[in-house]
There are 2 protein chains.
Amino acid sequence: MRLALAQLNALVGDLEGNAARILARCQEAAAAGADLVLTPELSLWGYPPRDLLLRPALLEAQRRSLEGLAAALPAGLALLVGVAEPLLGEGQPALHNAVALVAGGRWRVVARKRLLPSYDVFDERRYFRPGSEAAVLDIGGDGGRRWRLGLTICEDLWVEETPLGQPLGGCDPIADLQGQAIDLLVNLSASPFGQGKAALRRCLAGRAAGRLGVPAVYVNQVGGNDELVFDGGGFVVDAGGAVLLQQPWAMEDLALWEMPQPPAAGFKPLAATGHGDLQTLAPAGGPVPQQTPDGPSAPVAQPLAASLQPPAPQELLLRALVLGVADYARKCGFRGALLGLSGGIDSALVAVIACAALGAERVRAMRMPSPWSSAGSLSDAEALAQRLGMVCDTVPIAPLMAAFDTALSPALGEAPRDVTAENLQSRLRGTLLMAVANQQGQLLLSTGNKSELAVGYCTLYGDMNGGLAVIGDLYKSTVFQLCDWLDAPESAACRAALGLPAEGELIGEAIRRKPPSAELRPDQRDSDSLPDYAVLDPILRRLIEEMASPEDLVDAGSEPALVERIWTLLRRAEFKRRQAAPALKVSRRSFGTGWRMPIAAG
Amino acid sequence: MRLALAQLNALVGDLEGNAARILARCQEAAAAGADLVLTPELSLWGYPPRDLLLRPALLEAQRRSLEGLAAALPAGLALLVGVAEPLLGEGQPALHNAVALVAGGRWRVVARKRLLPSYDVFDERRYFRPGSEAAVLDIGGDGGRRWRLGLTICEDLWVEETPLGQPLGGCDPIADLQGQAIDLLVNLSASPFGQGKAALRRCLAGRAAGRLGVPAVYVNQVGGNDELVFDGGGFVVDAGGAVLLQQPWAMEDLALWEMPQPPAAGFKPLAATGHGDLQTLAPAGGPVPQQTPDGPSAPVAQPLAASLQPPAPQELLLRALVLGVADYARKCGFRGALLGLSGGIDSALVAVIACAALGAERVRAMRMPSPWSSAGSLSDAEALAQRLGMVCDTVPIAPLMAAFDTALSPALGEAPRDVTAENLQSRLRGTLLMAVANQQGQLLLSTGNKSELAVGYCTLYGDMNGGLAVIGDLYKSTVFQLCDWLDAPESAACRAALGLPAEGELIGEAIRRKPPSAELRPDQRDSDSLPDYAVLDPILRRLIEEMASPEDLVDAGSEPALVERIWTLLRRAEFKRRQAAPALKVSRRSFGTGWRMPIAAG
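**Q** Sorry if this is basic, but what is going on with the nonpolar core here?
**A** In a soluble, globular protein the nonpolar side chains are often hidden away together inside. Membership of the largest hydrophobic core comes to 405 residues, with the highest contact counts inside it found for Ala 351 of chain A together with Ala 351 of chain B. Apart from the residues lying within four places of it in its own chain, the contact partners of Ala 351 of chain A are Leu 339, Leu 341, Val 363, Ala 365, Leu 384, Leu 388 and Met 390 of chain A.

In structure tokens, the structure reads:
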């Protein structure tokens, strides 16, 4: 039997459009001789559909889309598609996260997700009931032979993981497939990017394949949906954990895999597999451009080098961020992007990502010097813009500062001072950027990093402005590391693939090596207000991502006063984060929809 | 047996402080001869604790607080306190939403919540596992007699409700108490304010009491916690649904209720009750002021007239909003509040609420006229500020508009125009307000309404600025209605109780009757861009609160083009709402933590 793994980039909630894209891939797969097309979790909806799942009209649209797919599917082809199955008369929650088999002009639900993630960004128990039994699908392949597939949906495979330091409660969907004489384990996922996750997924699939003694096929969603970036990277592993097929990361793909003839039914040795035919079908004409009413077509990413090994972690991270920006802009219908370029490392990295995502000709930068801006920052920003090929405008803010001082002094009884004066500069810049973005129809990109968002070293309605916080989930230390890698020779191939200058330094040593400064007062340094990032970031990581307490950190050797100060800053900045732009999530725990903290708290 | 109903205002996550407040109330209750003190759901944590529940250090703090309570509780007194019960070794979620009995120097869990709301703002299946059995507590009262209490927690009582148009799935916690020979049903709640909810709670408790043939005691949390306002209003009903005791709304309270001697065990007629002694114990020295590091003490609200009937809906709504503002400011440690006063009805209503919440001497207003501001708006704003006794500053923005036009023209190739120019004015005002709020340590209150937030008729980083959106969950029509009521004689007693001028008009007819306008261009009217609010608001309510589709509305007789336009505006404004200030929730569905919609969606 020939399987087609469709690594799809859906537009959330666009049931009709997603069905059309799935159908197009089915036609390609049929032309290539496929018997069965596999698509990601909730592939008709795009993941996560969030509260769109509560709208009865969309469930009705789903029914129409399924019927349309059933009617139009090429003869002889079967399709597994991710659906939300309505439950009648059972009360809330009133859906299953399910998989439907479309074949022979009809469709029916064949699998229901059993482990429903409801931690971090996931809210599945808000919408879904767990499935109660293992799903086994008997399906005909070439030559009339029947195959038995064990079907699982995303988290069902993660039964051995401990996302919050504890195992998932509930059943073991893999164990429940044991003794069912399946030929193949299938997992249809919408698993967002995370550092180290590509290897973890393979490991989990390999363990499950080993437990069941059959190969495992893993199909993942790809694309950016608001703060989440799905990195694709589908694969097939054999029961020994060896990778038989690897799809690319951060781009759409359709791969074919010929399932090896199994031995006679009832005899299933552990090493029965590992000799399938490998074949990757490049999409006809490159990645399929997706239409949005006014937006540009999809950026044409270059295919990764064919390899069974994931690229370097920095490359995976960079590609996820690039995809996140490209898809947010495209799916929201923006013609281009705008960002403030300070001469510092954060905005430099965002500029690089934006140019890779949209093309430098669609990215515009603004320098907005104040009397406290250094000459170096101005020239560094200009040089970077030139290297990248971006237009860069310059709007000095001194006259605006003077006008606000004059306007505010009567009401304040004095001029704005201290933090007020610093915030004011940031807000003047944010207002300038929004004016340009509004008039020119651009997406304003926010350039703050996670360390700043954590301790509140950022200005609400100022430098936090933007539709998307591109590096809002990268600690400052990670920003430094990624920029060092970008400037090193080992990133040349990746830079070239992303359409960035591949020769010499990209960010530049001047930007990478200057001491971090907001330049909001004379000779200001981040280190005036904050510990060095090399000290701060590991403490933040423990507090945020590992839910450590200040006491835990002190017990582990950190200085009590320092920890207490950082902890207080972290808690007091909650009101800023509540109004922050969505930040592309790349860590285990980002300040987004998965960070649910009270503001007024003790 | 004498029960004390402690309607408490907790600070979320302040386990030690909340325990101290509970203990103080226990001491008062013991002095008044109480046998058992009842506190709200999760009373040690304050509701909703959100992701604070995931922090092991806080679970440890809870253990210490419980031990402290057990050691310090007055002899002979028992206490039911809301706790998060950790589960060992059972995987995620790893807690029960539980109730502990503290008595005789020890504590133990005696009830576990069975129905876990996970819709709208509620996320309980993220944190908790459902309890699996009915909770019955045998407890000694005066004279050595034993009493059997059926214990339920909040949603357990709502089993007959249909929050999303469907019944709650799962068990029936009331049915499971039938045949258990209980003497009394207890429900410990943290039920947020909603219009009509006071009557609904009584109805649900009455129905449950009737099913069980015993009285029901309902204890609710009170106080504002971020966007949620808990309105208290605890009560006792008999098995016939008659109200035996009613606690006040929107303030702390400790009420005593003497449980009537039941007939001999095993005989439980439907009308066994209805003759308990009623007694409300005014807290010693008025409402207990709660301490925050730098904040003011709690506003001293006047007790409501003793009555078994809820006040008028307008009064309940107003009191909820006032409590929400007062508590947000106090719990976040703000000294006072600031708002922009345009002369329009929205900011006028917010000014009234702020003055009632904090006292006019702690509220400051700013008028920020542009060349497009009408003389009437300026004088109306000034007259309102005088009526309320607020300081009102005036900062004209024309010079700032000119400075921005000059600064931006080179980069734009023209002056800011159209929506850009309008947004710019709004952002200049928002920046002025933030500068004053920063320098003077005030909470900036956002004055936008729900109709504007719905269709995006508001400016991100402009008039949306603020720590709290006071009327962000009130449609414009509701704003009009509430202001009409505030200016009518029937609100005089409420105004007086809230420390507002009780004589004559408060908002004033000039403000109430002028056509809504943002005054961002000459002779602008909201009706240039939007349908009349009398047309718009009912459509929005159907789309937002009832999840109707545009087709549903057209089927019900609305004009297709109008519905399509409103629907498109609603969907396109999602990016603004994602960055909006928390809005005090008063409707079934507000644009806050319970509104989880994708931004980039089809």
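**Q** Help me understand the pairing of strand β1 (residues 2-7) of chain B, please; the structure alone is not making it clear to me.
**A** Each regular strand carries side chains that alternate between the two faces of the sheet. Residue and element names in this part refer to chain B. Counted residue by residue, β1 has 5 buried out of 6 residues, so it is predominantly covered. Relative to strand β14 (residues 253-258), β1 runs antiparallel, the two sharing 6 bridges. Looking across to β14, one finds that Leu 5 is bridged to Ala 255. With helix α1 (residues 15-31) bridging β1 and its parallel neighbour strand β2 (residues 36-38), the resulting β-α-β unit is right-handed.

**Q** Would you take a moment to explain unusual backbone geometry for this structure?
**A** It is generally the case that most residues other than glycine have a negative phi and that most peptide bonds are trans. In this structure, Pro 93 of chain A follows Gln 92 of chain A across a cis peptide bond, with omega equal to -20°. Along the chain, Pro 93 of chain A turns up in the loop between β3 (78-86) and β4 (95-103). Omega for the peptide link from Tyr 47 of chain B to Pro 48 of chain B comes to -5°, which places this bond in the cis form. At Asp 226 of chain A, a residue that is not glycine, the phi angle is positive and equals roughly 55°. Looking at the element boundaries, Asp 226 of chain A is found in the loop between β10 (222-225) and β11 (228-231).

**Q** Quick question: what am I supposed to make of the sheet that holds strand β6 (residues 135-140) of chain A here?
**A** Backbone hydrogen bonds are what pair the strands of a sheet, in a parallel or an antiparallel way. Residues and elements named next belong to chain A. Read across the sheet, 6 strands follow the order β6-β7-β8-β9-β12-β13 without closing on themselves; strand pairing throughout is mixed. Since the sheet does not close on itself, it has two edges, and those belong to β6 and β13 (243-246), each with one partner. Across the sheet, the mean angle from the axis of one strand to that of its neighbour is 20°, orientation sign disregarded. Across 5 bridges, the pairing between strand β8 (residues 184-189) and strand β9 (residues 216-220) is parallel. If you follow Leu 188 over to β9, its bridge partner there is Val 219.

**Q** Can you walk me through the environment of Asp 487 of chain A in this structure?
**A** Residues and elements named next belong to chain A. When you line up the elements, Asp 487 lands in the loop between α11 (476-486) and α12 (492-497). According to the C-beta neighbour criterion, Asp 487 is partly exposed, with 17 such atoms within 10 Å. Counting along the chain gives 16 residues from Asp 487 to Glu 503, while the straight-line C-alpha distance between them is 9.1 Å. Dropping the residues within four chain positions of it, Asp 487 is found in contact with Glu 505, Leu 506, Ile 507 and Arg 512.

**Q** What is the right way to read the packing of helix α6 (residues 345-358) of chain B against helix α11 (residues 476-486) of chain B from this model?
**A** For any two helices packed against each other, one specifies the crossing angle of their axes together with the interaxial distance. All names here are of chain B. It is the contact of α6 with α11, at a shortest axis distance of 10 Å, that shows an interaxial angle of 55°. Between α6 and α11, the angle falls in the class oblique. With respect to the hand of their crossing, α6 and α11 are arranged in left-handed fashion. Across the interface between the two elements, Ile 345, Asp 346, Leu 349 and Val 352 from α6 touch Val 479, Phe 480, Leu 482, Cys 483 and Leu 486 from α11.

What counts and what doesn't
Residues numbered from 1 in each chain as written. Chains lettered and ligands numbered in written order. Predicted model: local features only at pLDDT ≥ 70, side-chain atom pairs only at ≥ 80, totals over all residues. Core = buried A, V, L, I, M, F, W, Y, C linked by C-beta atoms within 7 Å. Buried ≥ 20, exposed ≤ 12 C-beta atoms within 10 Å, placed from the backbone. Contact = placed C-beta atoms within 7 Å. Helix = DSSP H or I, 4+ residues; strand = E, 2+ residues; numbered from the N terminus. Pairing = 2+ DSSP bridges. Right-handed = clockwise from strand over helix to strand, strands pointing away. Axes fitted to C-alpha atoms, helices over the stretch in contact; angles between N-to-C directions. Parallel < 35°, antiparallel > 145°, perpendicular 65-115°, else oblique. Left-handed = near helix turned anticlockwise from the far one by under 90°.

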